[in-house]
Amino acid sequence: MDEDGTHPPRVLGPVDSAASDRANRQWWDSDADAYHDEHGAYLGVESTGGDFVWCPENLREADIGLLGDIVGKTILEVGCGSAPCARWLAAHGAHPVGIDLSRGMLAHGVAAMAGDAQRVPLVQATAERLPFAGASYDLACSAFGAVPFVADSAGVMAEVARVLRPGGRWVFAVNHPMRWMFPDDPGPAGLTVTIPYFNRTPYAERDESGAITYVEHHRTMGDRIREIRAAGLILDDVVEPEWPEDFEQEWGQWSPLRGAYFPGTAIFCCRKPA
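Residues numbered from 1 in each chain as written. Predicted model: local features only at pLDDT ≥ 70, side-chain atom pairs only at ≥ 80, totals over all residues. Heavy atoms only, no water.

Undergrad: Even after reading the chapter, I still don't get the side chain of His-176, so can you show me in this structure?
TA: Take His-176: it is sitting in the loop between β5 (164-175) and β6 (203-206). Side-chain polar atoms of His-176 contact the side chain of Glu-240, separated by 2.7 Å. His-176 has contacts with Met-221, Glu-240, Pro-263, Gly-264, Thr-265 and Ala-266, leaving out every residue within four places of it along the chain. (Helix = DSSP H or I, 4+ residues; strand = E, 2+ residues; numbered from the N terminus. Polar contact = N/O pair within 3.5 Å; in protein donor to acceptor, adjacent residues only side chain to side chain. Contact = heavy atoms within 4.5 Å.)

Below you can see the structure in the form of structure tokens.
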């Protein structure tokens with residue numbers, strides 16, 4: 001949102017992996033402090049042992065159990081940010097590792113772990129090239145991390161499939177694909193379609209010199225399913241959380257108004273064949 005309270009129009013244009021990585025690394029490094037000032041408490045970053053919040057609709061792993069039994073399991077969190085989810089997993093008996101592109105976000109995670117009983121290894125890396133051997137993990141997860149911010153999300157699916165052991169689960173939450181059509185506005189203006197659903201051109205923000213400073217990539221629901229299948233994974237379920245009654249907290253474009261009309265989040269539940 002601009003200083004005058006309006007939402008700027010989206011700028012659409014081609015952006016490759018290198019430009020996406022560079023822009024988003026710099027964005028999250030520079031925005032890490034402000035992001036945690038606004039969202040850290042809700043995400044459980046400041047809580048001992050963290051918290052696992054799947055989405056702005058306030059859906060938590062403790063309540064829904066999408067990962068199944070985690071005790072004793074090795075778990076990779078892809079795009080962990082400051083790692084409240086990985087910390088929660090560790091506090092509940094798992095052996096997680098978190099990866100993120102942003103050193104600034106990871107630094108918040110390291111600081112937050114000072115009060116935890118367990119320490120979670122955090123690695124700076126791009127999700128398009130996971131720095132782990134094949135069949136290293138029992139489970140993998142991502143709560144709005146990495147997948148919408150990379151140019152090659154099909155490559156992320158293939159990389160996750162590579163590092164999972166046979167029978168391993170991969171559960172990831174992203175913006176619901178239909179959200180692409182609407183302005184990033186939590187109010188009435190955010191109920192009007194402005195961009196075709198099938199326009200897959202990335203959204204990019206640029207500075208005064210024209211340099212790209214932030215990128216998000218759009219995939220349709222069908223695109224996501226085909227990427228999952230192309231990686232050799234099986235899609236078991238797609239969860240579309242409904243907005244909870246009496247939940248009034250807004251998060252960017254997510255709001256009770258918009259949540260009453262259409263989903264804001266899609267959670268894909270996949271597994272690698274045994």
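Undergrad: How should helix α1 (residues 17-43) be read in this particular structure?
TA: Since one α-helical turn is 3.6 residues long, residues separated by three or four positions face the same way. Helix length check: α1 (27 residues) gives 28 Å between terminal C-alpha atoms against 39 Å at 1.5 Å per residue, more than 12% under. Roughly 55° is the biggest bend found in α1, and it falls at Ala-32. Its side-chain oxygen 3.4 Å from the backbone nitrogen of Ala-18, Asp-16 forms the N-cap of α1. Directly after α1, the chain includes Gly-44, whose backbone phi takes a positive value near 85°. (Expected span 1.5 Å × (residues − 1). Bend = angle between axes of the 7 residues up to and from the residue.)

Undergrad: Teacher, can you tell me more about the packing of aromatic side chains here?
TA: Centre distance and the angle of the planes are the two values used to describe a pair of aromatic rings. Tallied over the full model, the rule gives 16 aromatic pairs. Look at Phe-52 and Trp-54: their rings are 4.6 Å apart centre to centre, the planes differ by 45°, and that puts the pair in the tilted class. Summarising the burial analysis for this pair, Phe-52 and Trp-54 share the class buried. Positioned over the ring face of Tyr-42 is Arg-60, at 5.7 Å from the centre of the ring. (Phe/Tyr/Trp six-rings, centres within 6.5 Å; stacked < 30°, edge-to-face > 60°. Buried < 20%, exposed > 50% of the residue type's maximum accessible area, 1.4 Å probe, protein only. Lys NZ or Arg CZ within 6 Å of the ring centre and 35° of its normal.)

Undergrad: Please explain the pattern of salt bridges as it appears in this structure.
TA: Scanning the model with the defined rule gives 10 salt bridges in all. The partner of Asp-223 in a salt bridge is Arg-200, with the nearest N and O atoms 2.6 Å apart. Taken together, the residues Asp-223 in helix α6 (residues 221-230) and Arg-200 in the loop between β5 and β6 connect sequence positions 23 residues apart. What makes Asp-223 buried here is its relative accessible area of 12%. According to the relative accessible area criterion, Arg-200 is partly exposed, its value standing at 36%. Arg-271 is the salt-bridge partner of Asp-236, the closest N and O atoms lying 2.9 Å from each other. With Asp-236 in strand β8 (residues 234-239) and Arg-271 in strand β9 (residues 265-271), this pair connects stretches of sequence that are 35 residues apart. A cluster of three or more residues bridged by salt bridges with shared partners is formed by Arg-169, Asp-236 and Arg-271. (Salt bridge = Lys/Arg side-chain N within 4 Å of Asp/Glu carboxyl O.)

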